[in-house]
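Listed here are the chains, written in short residue letters.
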Amino acid sequence: VLQLLRGVQRGSEDRKGSLSHLRWALQNKETQQKFVRLDGSIRTLIGLFTSSLADMQMEAARCLHELSHSSDPAVAEACLPVTSYLLTYLSGHSVEFTELCLYTLGNLIVESEAVRRQLLPQGIIPVLASCIQSPHEAVLEGLGYVLSQLLQAKEAPVEIVPLVLDSVLPQHMLRLVCSGLKTATGAAVEFAWCLHYIISSQTANAALLALGALPTLASLFLEMASEISQDTPEGLELLICPVLRCVSNLLAEEPGCHLQVQDERLLIALFLILQSFLQQHPFMAQECLWLLNNLTADKPFFCWALLSLDLLPALLQLLPCSQMASMLVLTVLCNIAEKGPSYCQQLHQQQALPLLLPTLVLPDPQVVGQCLELLHLLFLHCPEAAADFLRQGGHQVLEQHQSAPELQERARALLDILGQPTGATTSSPCHPALSHRTLH
């Protein structure tokens with residue numbers, strides 16, 4: 001490494017070859033650590049990176065990019081002097097060179113808070129805002145990567161998100177997410193995750209709602225569902241996932257904004273996506289159920305739409321998918337049952353009860369507990385459900401849970417209800433159901 005560095009510093013005829021060999025050497029973790037400790041190493045790279053010789057510049061940029069892959073914060077901090085030059089070179093040169101600078105910045109941001117703190121006063125947000133007008137997909141994808149790393153930093157909610165909101169970035173990100181639908185481009189996916197990180201910071205939702213983010217993303221969600229066919233764009237699930245989260249979290253944080261998306265087609269789209277991707281991508285069940293949970297929490301429109309569109313059987317089929325899926329399905333059913341007698345009667349008439357009984361014998365106390373909450377609501381609002389539960393042997397199952405410390409209080413409360421004459425059920429003490437609006 002020392003010989004390569006000397007070859008580069010001496011300016012020998014084969015300086016480009018030495019740089020090229022150095023780049024390969026810097027793929028090794030130990031070599032990276034040794035290189036940054038050598039006197040003048042980073043200064044030499046910066047000198048070549050800022051030279052007027054394009055081929056030298058490119059090789060030096062590749063060396064810096066290899067260094068940026070290091071997981072050692074000391075290596076990232078050794079590269080601090082190069083950050084201002086990386087920003088400067090984002091506005092010009094070749095697409096490949098700009099892309100290289102972006103990914104180098106993004107990698108350094110991941111590993112070092114010191115790098116992030118240096119980049120903010122250097123004006124990284126305005127520079128990135130100017131790059132978002134680029135017509136090149138590769139540049140946009142690299143830009144999305146840098147932004148996503150910034151927005152995931154622990155200091156992002158206070159120090160970075162406000163700067164991003166004050167720029168033109170959010171509206172351009174929304175535009176690019178929507179325009180990337182047909183091919184599920186890497187840039188569209190990166191910017192969708194950026195929007196998710198902004199929304200999850202809980203400091204930005206009013207600003208994004210004012211930009212029309214919720215109806216825009218809900219419309220995109222409907223479009224994505226309409227794209228599902230035998231020729232579904234490859235990687236579409238990668239774009240669906242962050243869009244789902246954005247819509248879900250906006251609904252979770254801003255009560256009342258669901259009026260902007262009160263469209264039963266959202267439910268049809270949700271179940272179509274579930275049906276299409278569940279087999280190959282089981283994680284989609286959880287993503288879709290988060291949104292369904294937030295659509296039905298305190299919103300009778302979507303609760304009634306789910307029942308009237310005959311989507312309950314498809315929802316109940318998700319109960320065995322996973323522990324989290326079971327919890328979310330049961331929470332959605334609680335959201336519906338809480339709306340009162342007519343909703344509970346519909347749940348009962350659409351045969352929810354027979355599918356709930358197997359859930360009561362699962363070994364997971366959290367899932368069983370949530371099932372007990374649902375039964376409490378059903379029995380409270382629909383005495384016929386209580387009578388059917390008894391006929392199907394549910395009484396014995398409840399008695400088994402009286403010995404479990406975390407379940408016994410709820411099991412006894414239900415047994416008390418079942419012990420009353422049909423039609424005389426009254427409210428009994430029971431733990432409240434899960435909080436419905438959930439941010440993730």
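Naming follows an unreviewed UniProt entry, where the chain appears as TMCO6 protein of Rostratula benghalensis.

(A) Region of interest: the overall build of the chain. A count of helices and strands for the chain gives 28 helices and zero strands. Over its C-alpha atoms the chain spans a radius of gyration of 28 Å, topping by over 25% the 22 Å that the globule rule assigns to 440 residues. Here the chain, with 440 residues, has 56% of them falling under the buried criterion. Once local pairs closer than 6 in sequence are excluded, the contacts in the chain between residues at least 24 apart make up 73%. Counting only carbon and sulfur atoms, one obtains 52% of the accessible surface of the chain, whose full area is about 18400 Å². Between the centroid of the 23 positive side chains of the chain and the centroid of its 40 negative side chains there is a distance of 9 Å.

(B) Representation of the environment of Gly-40. Within the element layout of this structure, Gly-40 appears in the loop between helix H3 (29–37) and helix H4 (41–49). Residue Gly-40 is classed as buried on the basis of its relative accessible area, which comes to 11%. Along the backbone, Gly-40 and Leu-5 are 35 residues apart, and their C-alpha atoms lie at a distance of 9.1 Å.

(C) Spatial organisation of the packing of helix H13 (residues 169–179) against helix H16 (residues 213–227). Two elements in contact, H13 and H16, have axes whose closest approach is 10 Å; the angle formed by their N-to-C orientations is 10°. Relative to H16, the element H13 is oriented roughly parallel. Seen from H13, the contacting residues are Leu-174, Val-177 and Cys-178; seen from H16, they are Ala-213, Thr-216, Leu-217 and Leu-220. Taken together, the residues of the contact of H13 with H16 break down into six nonpolar, one polar and no charged.

(D) A look at the nonpolar core. Grouped together as the largest cluster of nonpolar side chains are 159 residues, with contacts concentrated most on Phe-191 and Phe-221. The biggest single contributor to this core is helix H22 (residues 323–337), with 10 residues. What Phe-221 contacts, discounting residues up to four positions off in sequence, is Ile-240, Val-243, Leu-244, Leu-266, Ala-269, Leu-270, Ile-273 and Leu-291.

(E) Representation of the packing of helix H8 (residues 95–111) against helix H11 (residues 137–151) in the model. It is the contact of H8 with H11, at a shortest axis distance of 9 Å, that shows an interaxial angle of 15°. With respect to each other, H8 and H11 are oriented roughly parallel. Judged by the twist between their axes, the crossing of H8 over H11 is left-handed. Listed contacts from H11 to Val-95, Thr-98, Glu-99, Leu-102, Tyr-103, Leu-105, Gly-106, Asn-107, Ile-109 and Val-110 of H8 are Ala-138, Val-139, Glu-141, Gly-142, Leu-143, Tyr-145, Val-146, Gln-149 and Leu-150. Tallied by class, the residues present in the contact of H8 with H11 amount to 12 nonpolar, five polar and two charged.

(F) Structural detail: H3. Residues Thr-31, Gln-32, Gln-33, Phe-35 and Val-36 constitute the buried set of H3. Each element contacted by the buried residues of H3 is listed here: helix H1 (2–10), helix H2 (15–25), H4, helix H5 (54–68) and helix H6 (73–78). Here H3 starts with a cap whose side-chain oxygen sits 2.9 Å from the backbone nitrogen of Glu-30, and that cap is Asn-28.

(G) Here's a closer look at the state of the cysteines. Enumeration according to the criterion identifies zero disulfides in this entry. Its sulfur unpaired, Cys-79 is 11 Å from the next cysteine sulfur, which belongs to Cys-63.

(H) Quick peek at the packing of aromatic side chains. Across all of its chains, the model carries eight aromatic pairs by this definition. Through pairs of rings, three or more aromatic residues link up here, namely Phe-49, Tyr-89 and Phe-97.

(I) Region of the structure containing helix H19 (residues 283–296). Over its 14 residues, H19 runs 21 Å from end to end, which matches the ideal 20 Å to within 8%, given 1.5 Å per residue. Burial of H19 is extensive: 12 of the 14 residues sit out of reach of the surface. The set of residues buried in H19 consists of Met-284, Ala-285, Glu-287, Cys-288, Leu-289, Trp-290, Leu-291, Leu-292, Asn-293, Asn-294, Leu-295 and Thr-296. The elements touched by buried residues of H19 are H16, helix H17 (236–253), helix H18 (265–277), helix H20 (300–308), helix H21 (312–316) and H22.

(J) Just the side chain of Ser-112, in detail. On the secondary structure map, Ser-112 appears in the loop between H8 and helix H9 (113–119). One polar contact links the side chain of Ser-112 to the main-chain amide nitrogen of Val-115, over a distance of 3.1 Å. Apart from the residues lying within four places of it in its own chain, the contact partners of Ser-112 are Ala-76 and Glu-77.

(K) View of the pattern of salt bridges. The final tally for this structure, using the stated rule, is 11 salt bridges. Between Arg-62 and Glu-96 there is a salt bridge; the shortest N-O distance is 3.0 Å. In this pair, Arg-62 sits in helix H5 while Glu-96 sits in helix H8, placing the two residues 34 residues apart along the sequence. Each member of the salt-bridge network shares a partner with another, and the members are Arg-23, Glu-59, Arg-62 and Glu-96.

(L) How the structure looks around the environment of Val-332. In this fold, Val-332 is placed in helix H22. Accessibility expressed as a relative area gives 0% for Val-332, which makes it buried.

Quick notes on the rules
Residue numbers here run from 1 along each chain, matching the order of that chain's written sequence. The predicted origin of the model limits local features to residues at a pLDDT of at least 70 and limits the giving and counting of side-chain atom pairs to 80 or more, whereas totals for whole chains, interfaces and linings rest on all residues. Just so you know, side-chain values use all the structure's heavy atoms and leave hydrogens and water out. We count a stretch as a helix when DSSP gives it H or I for four or more residues in a row; a strand needs E for two or more, and each element gets its number in order from the N terminus. Here the radius of gyration uses the C-alpha set of atoms, whereas the globule reference equals 2.2 Å times the residue count to the power 0.38. Burial classes: relative accessible area under 20% of the type maximum marks a residue as buried, over 50% as exposed, and values in between as partly exposed (1.4 Å probe, protein chains only). Contacts: residue pairs with any heavy atoms within 4.5 Å of one another. Throughout, the Shrake-Rupley method with a 1.4 Å probe supplies accessible areas, and for residues the shown protein chains are the sole cover considered. When charges are tallied, Lys and Arg are placed among the positive residues and Asp and Glu among the negative ones, while His and the ends of the chain are skipped. Charge placement uses NZ in Lys and CZ in Arg. For Asp and Glu, CG and CD serve respectively. Lines fitted to C-alpha atoms define the axes here, with helix axes fitted over just the stretch in contact, and angles between the N-to-C directions of these axes take values from 0 to 180 degrees. Oblique is the label for every angle not falling under 35 degrees (roughly parallel), over 145 degrees (roughly antiparallel), or within 65 to 115 degrees (roughly perpendicular). Amino acids outside the nonpolar list (Ala, Val, Leu, Ile, Met, Phe, Trp, Tyr, Cys, Pro) and the charged list (Asp, Glu, Lys, Arg) are all regarded as polar, and Gly is one of them. What makes a nonpolar core is a set of buried Ala, Val, Leu, Ile, Met, Phe, Trp, Tyr and Cys residues whose side-chain atoms join them at distances within 4.5 Å. Crossing handedness: left-handed means the near helix sits turned counterclockwise from the far one by under a right angle, and right-handed means the same turn made clockwise. Whenever a nitrogen or oxygen atom comes within 3.5 Å of another N or O atom, the pair is scored as a polar contact, on the condition that within protein one atom can donate a hydrogen and the other can accept it, and that pairs from neighbouring residues in sequence are kept only if both atoms are in side chains. Pairs of cysteine sulfur atoms within 2.5 Å are identified as disulfides in what follows. The criterion for an aromatic pair is that two Phe, Tyr or Trp rings (for Trp, the six-membered ring) have centres within 6.5 Å, with stacked assigned to planes under 30 degrees apart, edge-to-face to planes over 60 apart and tilted to the rest. By this rule, a helix spans an expected 1.5 Å times one less than how many residues it contains. Note on definitions: salt bridges are taken to be side-chain nitrogens of Lys or Arg within 4 Å of carboxyl oxygens of Asp or Glu.

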